[in-house]
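# Working through the structure, step by step
Here is what each chain is made of, one letter per residue.
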Amino acid sequence: MAHPFDPDTEAQGLIDFVDSSPTPFHACVRAAALLSEAGLTEVDESDAFPTEPGAHFLIRGGSLIAWDTRGAYAAGSAPAAGFRVVGAHTDSPNLRIKPNPDRLKAGWQTLGVEVYGGPLLNSWLDRDLGLAGRVAVRGGAGRVESRLFHDTAPLLRVAQLAIHLDREQNEGLTLNRQQHLEPLWGLGDSPGDVRGYLSEQIRVPAADILGWDVMTHPVEPSRRLGRRSELIAAPRLDNLATSYAGVRAFVEATRSELRHVPVLVLFDHEEVGSTSERGAMSTLLPSVLERIVLAGGGTRDDYWRALSSTVIASGDMAHATHPNYADRHEPLHHIAVNAGPVLKVNANLRYATDSLGAAAFQLACEQAGVPMQSFVVRTDLPSGSTVGPMTSALTGATTVDFGAPVLSMHSARELCGAEDPAMYAAALSAFLAPLP
Ligand code: ZN
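Residues numbered from 1 in each chain as written. Predicted model: local features only at pLDDT ≥ 70, side-chain atom pairs only at ≥ 80, totals over all residues. Heavy atoms only, no water.

Attention now moves to the nonpolar core. L14, L35, L64, A66, I232, L237 and F361 are the most contacted members of the largest nonpolar core, which totals 63 residues. Once residues within four sequence positions are removed from consideration, L64 is found in contact with C28, A31, A32, L35, F57, L58, I59, L264, V265 and L266. Counting 27 residues, the second largest nonpolar core, distinct from the first, contains F49, V85, A295 and M390. (Core = buried A, V, L, I, M, F, W, Y, C linked by side-chain atoms within 4.5 Å. Buried < 20%, exposed > 50% of the residue type's maximum accessible area, 1.4 Å probe, protein only. Contact = heavy atoms within 4.5 Å.)

In structure tokens form, the structure reads like this:
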């Protein structure tokens, strides 16, 4: 094996990462912990950027960006060789709690939820769900503080109607988002009390809770599956699998001889269009790249020069060929599990890949000694998209879209290969630190 990533270690690492990251906020905290262990230090966006060569990260809500200038700044100059950027997203489709959620219906306490992104709604039925998220609370002197919580207890269930009460359900389930998705979480003759629940979770008086970003997650732990445990069953593989592989790749790359500035960027809000203060359409990536150059003594012109030799790899999951629906896949582009990372191509630029980006990714896979597959969607089906086209447009950098194979994308519990996380991390690491 040409790379240092052990398949079983990375499979377990992914499982741990997913289970400790029920929300984008937690994914950033977990990524930050792994980066800190590797010696990176956190920078606050409101502080001046470090002028000495070093490895750092910053967090903006549910997004995180990390970089290492030690190689490129060793000579004390702007990064003439440009940046190598790996991008991914931290958010996944789920059900999110409304501001006034408490209802009482037929003696059941239920919660009003909004549908975030595009989940397979049926996959959320009859699962034991927990709650997690961020709560804004009153601080001292007019300040607002935020608190994260992660409750792994089974609290909620979106209960399906019994087959006896609607015999047509197996002919095609119809779920009304307003009517049929409210999870129940108790019994009583008055509505439940989300605010009181949150107050207990974060140990802050209910009157000091000013707002929340609270969402549901399936509490069943992730685990290996299959005759030879060759698979991983887990929620949020799209796209925590890339977030995790990106973190592992970045840490490994920082141990290499660096000619470029390696950058890892994990964006929130990909599933809802990326337009926010921290999504891929935001200032996060370009502003940090520019600040890296300026803090290193470079000029704005140096920044644009660095972008001209920058390559971005945008990672998001790819559709493995489904055995029961093989006809939904392009015949000459079948994607196998445990067979290496997947290059994603779309002529209409739903993926940003062009031949130059594809070449950079192929070279990375060759350097890592892992096989590479190529995906295009059937010509008569619409393609999904990623953060790739946006980061490409905002920076003018050559960009390649790629992913790791997954079944049941956007299900509450997805399925991927147990050998893919190691190959994925190896390819990304080689991309971040290419050999001359
Ligand atoms: Zn995705």
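A complete count under the given rule lists seven aromatic pairs for this structure. Measuring from ring centre to ring centre gives 5.1 Å for F49 and W67, while their planes differ by 5°; the resulting arrangement is stacked. Residue F49 is located in the loop between β1 (41-42) and β2 (55-60), and its partner W67 is located in strand β3 (residues 63-68); the two are separated by 18 residues in the primary sequence. On the accessibility criterion, W67 (2% relative accessible area) is buried. Plain terms: the ring middles of F402 and Y424 are 5.8 Å apart, the flat faces sit at 70° to each other, and that makes the pair edge-to-face. (Phe/Tyr/Trp six-rings, centres within 6.5 Å; stacked < 30°, edge-to-face > 60°. Helix = DSSP H or I, 4+ residues; strand = E, 2+ residues; numbered from the N terminus.)

A separate point is the side chain of D68. Position of D68 among the secondary structure elements: in strand β3. Once residues within four sequence positions are removed from consideration, D68 is found in contact with G54, A55, F250, T254, L258, V261 and P262.

So, about the domain arrangement of the chain. On domain assignment, one finds that the chain holds domain 1 (7-92 + 235-432) and domain 2 (94-218). Each of domain 1 and domain 2 has a C-alpha centre, and these two points are 31 Å apart. For the domain 1 and domain 2 pair, buried surface summed over both sides reaches about 1,500 Å², with 64% attributable to carbon and sulfur atoms. Counting across the interface, domain 1 meets domain 2 through zero salt bridges. Counting across the domain 1 and domain 2 interface gives six residue pairs in polar contact (both at pLDDT 80 or more). By residue number, the principal contributor to the side of domain 1 that touches domain 2 is helix α2 (residues 24-37), which donates four residues. A breakdown of the residues in the side of domain 1 that touches domain 2 according to their chemical character gives eight nonpolar, nine polar and seven charged. (Domains from an automatic or database assignment. Buried area = accessible area lost by both parts, 1.4 Å probe. Salt bridge = Lys/Arg side-chain N within 4 Å of Asp/Glu carboxyl O. Polar contact = N/O pair within 3.5 Å; in protein donor to acceptor, adjacent residues only side chain to side chain. Nonpolar A, V, L, I, M, F, W, Y, C, P; charged D, E, K, R; others polar.)

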